[in-house]
Amino acid sequence: QQLPPFEETPVTVVPGTVGPEYPEELRRNRVTGRVLFAFWVDSRGRPEVSTFRVIRSSHPKFSDAVVRAVQTMRFNPATIGGCGVRQLVEQPFDFHLR
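Residues numbered from 1 in each chain as written. Predicted model: local features only at pLDDT ≥ 70, side-chain atom pairs only at ≥ 80, totals over all residues. Heavy atoms only, no water.

**Q** Could you give an account of the sheet that holds strand E3 (residues 33-41), naming the residues involved and the relevant values?
**A** Reading across the sheet, the three strands line up as E4-E3-E8 and stay open at both edges, with antiparallel pairing between neighbours. Taken across any chain shown, the strands that pair with only one partner, and hence form the sheet edges, are strand E4 (53-57) and strand E8 (87-95). On average, each strand axis in the sheet is tilted by 20° relative to the strand beside it, whichever way the strands run. Where E3 meets E4, four bridges bridge the pair, whose relative direction is antiparallel. Across the sheet, residue Ala-38 finds its bridge partner in E4, namely Arg-53. Of the strands in this sheet, E3, E4 and E8 are in contact with helix H2 (residues 60-72), which crosses E3 at around 35°. (Pairing = 2+ DSSP bridges. Helix = DSSP H or I, 4+ residues; strand = E, 2+ residues; numbered from the N terminus. Axes fitted to C-alpha atoms, helices over the stretch in contact; angles between N-to-C directions. Contact = heavy atoms within 4.5 Å.)

Printed below as a string of structure tokens:
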């Protein structure tokens, strides 16, 4: 007898979730940059604030914007076999001028 497929899905951002705001001072001065940010998302899709870590950042104000944003962002949790599981996320956040 064959077992049912065992599927895994990674954490995803809930569509419509707003990311970090561009710091106004950096926008005015036409500064662009990137933050590489790591954090755990729990089995219900909530970011665990105590695990937030800036891995690399081109400017502290970009880092601050990412920390504020991730606290309120909504995620679909990672799943294994249809059950929500905790997952480490490493995500880049880019700040570009249009």
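From this point on, the discussion continues.
**Q** I'd like a rundown of H2, residues and numbers included.
**A** For H2, built from 13 residues, the straight-helix expectation of 18 Å at 1.5 Å per residue is met to within 8% by its first-to-last C-alpha distance of 19 Å. Among the residues of H2, Phe-62, Ser-63, Ala-65, Val-66, Ala-69 and Val-70 are the ones counted as buried. Buried residues of H2 fall within an arc of 160° about the axis and therefore sit on the same side. Exposed residues pointing more than 90 degrees away from the buried face of H2 are listed as Pro-60, Arg-68 and Thr-72. Elements in contact with the buried residues of H2: helix H1 (24-28), E3, E4, strand E5 (75-76) and E8. (Expected span 1.5 Å × (residues − 1). Buried < 20%, exposed > 50% of the residue type's maximum accessible area, 1.4 Å probe, protein only. Arc of directions from axis to C-beta.)

**Q** For the sheet that holds strand E1 (residues 8-9), give the residues involved together with the corresponding values.
**A** The strand order across the open sheet formed by three strands is E1-E6-E7, and the pairing between neighbours is antiparallel. Looking at which strands have only one partner, the edges of the open sheet turn out to be E1 and strand E7 (83-85). Bridge count between strand E6 (residues 78-80) and E7: three bridges; the pairing is antiparallel. Bridge pairing in E7 links Ile-80 to Cys-83.

**Q** Give a detailed account of the packing of aromatic side chains, specifying residues and quantitative values.
**A** Summed over all chains, the structure comprises seven aromatic pairs. Look at Phe-37 and Phe-39: their rings are 5.7 Å apart centre to centre, the planes differ by 40°, and that puts the pair in the tilted class. By relative accessible area, Phe-37 is classed as buried at 1%. For Phe-39, a relative accessible area of 0% puts it in the buried group. Considering the side-chain rings of Phe-37 and Phe-52, the 5.2 Å spacing of their centres and the 70° angle between planes classify their relative orientation as edge-to-face. Taken together, the residues Phe-37 in strand E3 and Phe-52 in the loop between E3 and E4 connect sequence positions 15 residues apart. By way of ring pairs, the aromatic residues Phe-37, Phe-39, Phe-52 and Phe-75 are connected into one cluster. (Phe/Tyr/Trp six-rings, centres within 6.5 Å; stacked < 30°, edge-to-face > 60°.)

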